[in-house]
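What follows is each chain in one-letter form.
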Amino acid sequence: MNESQNRLSIFKYNAILSILFFLSSTFYMGIKTTNYNFSDYTISSLSKFLDPKNLSIFNSLFFIKSFLDLSFAYYVFKFYNLRLKTIPVITLLIAILSFGLFGFFPNSRFPLIHLIIFLITFVSWISSQYTLAKLTNSENFVHFSKVIILVESIFANLFLFFNYFNAISETIFCLLIFFWLTIFIGRYPK
């Protein structure tokens, strides 16, 4: 049992690594791409500026991030002995899998589909944060998670209201998630 837990622990930090990998990779591609501007376009809109080779690389970044997140989810599910049909499992899987779709439905080409994916990803992610926080049995962490969810919701609504979706606003949102994940992973599933 202990050996099995040790093997599983290699997946523990993959959600944090996936955010760092994704943001640094897309930032690098954005800097290297002519006519792309972080304040004018979303991360997924970078796809319209890329040649076919770089577009394949870009789309694979969403898959790689989703794969890393799935391995982290597997770790959490095993650690907490969660079954497939539970709310924490379903919401986290929806958040992870829907995020992977962003690379294929950029806002610049599929605005309605992109918005639907965003809403699904956002609602499932904040639901995941709350349900995972509840698993820790820490009232302090649950309260902290509610505050982070409120901040994420305020930012998302402001970005929607002012039509300020771009790579900068998406990075802010990713950093809020990164902050929450760092605390969750650092303190709870041990």
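Residues numbered from 1 in each chain as written. Predicted model: local features only at pLDDT ≥ 70, side-chain atom pairs only at ≥ 80, totals over all residues. Heavy atoms only, no water.

- By the naming in an unreviewed UniProt entry, the chain is DUF998 domain-containing protein.

1. As for the packing of aromatic side chains
Then, number 1: By the definition in use, this model includes 25 aromatic pairs.
Then, number 2: Ring geometry for Phe22 and Phe99: centres 5.3 Å apart, planes at 75 degrees, overall edge-to-face. Placement of Phe22 in helix H2 (residues 14-32) and of Phe99 in helix H4 (residues 87-100) is noted, with a sequence separation of 77 residues between them.
Then, number 3: Residue Phe99 is classed as buried on the basis of its relative accessible area of 14%.
Then, number 4: Feature note: the residues Trp125, Phe141, Phe144, Phe179, Trp180, Phe184 and Tyr188 constitute an aromatic cluster, connected by ring pairs.
Then, number 5: If you follow Lys65 out to its NZ or CZ, it ends over the ring of Phe99, 4.8 Å from the centre. (Phe/Tyr/Trp six-rings, centres within 6.5 Å; stacked < 30°, edge-to-face > 60°. Helix = DSSP H or I, 4+ residues; strand = E, 2+ residues; numbered from the N terminus. Buried < 20%, exposed > 50% of the residue type's maximum accessible area, 1.4 Å probe, protein only. Lys NZ or Arg CZ within 6 Å of the ring centre and 35° of its normal.)

2. As for the pattern of salt bridges
Then, number 1: Evaluation of the coordinates by the stated rule reveals one salt bridge.
Then, number 2: Here Asp69 and Lys65 are joined by a salt bridge, their closest N and O atoms 2.6 Å apart. Of this pair, Asp69 and Lys65 both sit in helix H3 (residues 52-79), separated by four residues, roughly a single helical turn. One exposure class covers both Asp69 and Lys65, and it is buried. (Salt bridge = Lys/Arg side-chain N within 4 Å of Asp/Glu carboxyl O.)

3. Description of the UniProt feature "transmembrane region" (unreviewed entry) in the chain
Then, number 1: What UniProt calls "transmembrane region" (unreviewed entry) maps, in this numbering, to residues 12-31, 57-77, 89-106, 112-132, 144-162 and 168-186.
Then, number 2: Secondary structure over residues 57-77 splits into 100% helix and 0% strand, and the C-alpha atoms at its two ends are 30 Å apart.
Then, number 3: Taken end to end, residues 89-106 has its terminal C-alpha atoms 27 Å apart, with 67% of it in helix and 0% in strand. (UniProt positions renumbered as here; feature names shortened; annotations may be inferred.)

4. A few points about helix H6 (residues 139-161)
Then, number 1: Between its first and last C-alpha atoms H6 spans 33 Å; for 23 residues at 1.5 Å apiece the expected length is 33 Å, and the two agree.
Then, number 2: Of the positions making up H6, those classed as buried are Phe141, Val142, Ser145, Ile148, Ile149, Glu152, Ser153, Ala156 and Phe159.
Then, number 3: Within two residues after H6, Asn163 carries a phi angle of roughly 50 degrees, on the positive side. (Expected span 1.5 Å × (residues − 1).)

5. Some points on the environment of Glu152
Then, number 1: Structurally, Glu152 can be placed in helix H6.
Then, number 2: Accessibility expressed as a relative area gives 0% for Glu152, which makes it buried.
Then, number 3: In this view, Glu152 contacts Phe122, Trp125, Ile126, Gln129, Phe173, Leu176 and Ile177; residues no more than four positions away in its chain are not counted. (Contact = heavy atoms within 4.5 Å.)

6. Observations concerning a nonpolar patch on the surface
Then, number 1: A cluster of nonpolar residues, Leu150, Ile154, Leu158, Phe161, Phe162, Tyr164, Ile168 and Ile172, forms a patch on the protein surface that exposes about 800 Å² of accessible area.
Then, number 2: Elements that contribute at least two residues to the nonpolar patch include exactly H6 and helix H7 (167-187).
Then, number 3: Ranked by residues supplied to the nonpolar patch, first place goes to H6 with four residues.
Then, number 4: Among the structural elements, Ile154 can be located in helix H6. (Patch = residues over 30% accessible without salt bridge, like charges linked within 9 Å, V, L, I, M, F, W, Y side chains within 5 Å. Areas by Shrake-Rupley, 256 points an atom, 1.4 Å probe, with all protein chains shown as cover.)

7. As for the side chain of Asp69
Then, number 1: Accessibility expressed as a relative area gives 10% for Asp69, which makes it buried.
Then, number 2: Of note is the side chain of Asp69, whose polar atom sits 2.5 Å from the side chain of Ser18. (Polar contact = N/O pair within 3.5 Å; in protein donor to acceptor, adjacent residues only side chain to side chain.)

8. Focus on the nonpolar core
Then, number 1: Within the largest apolar cluster, 49 residues are counted, with the highest numbers of intra-cluster contacts made by Phe58, Trp125, Trp180, Leu181 and Phe184.
Then, number 2: Taken together, the elements giving at least two residues each to this core come down to H2, H3, H4, helix H5 (111-135), H6 and H7.
Then, number 3: Ranked by residue count, the leading element in this core is H7, at nine residues.
Then, number 4: Residue contacts for Leu181: discarding those within four places in its chain leaves Ala15, Ile16, Ile19, Phe72, Trp125 and Gly186. (Core = buried A, V, L, I, M, F, W, Y, C linked by side-chain atoms within 4.5 Å.)

9. Quick look at H4
Then, number 1: If you check H4, its first and last C-alpha atoms are 20 Å apart, about what 14 residues at 1.5 Å a residue would give, namely 20 Å.
Then, number 2: Among the residues making up H4, those that are buried are Pro88, Val89, Thr91, Leu92, Ala95, Ile96, Ser98, Phe99 and Gly100.
Then, number 3: Elements in contact with the buried residues of H4: H2, H3 and H5.

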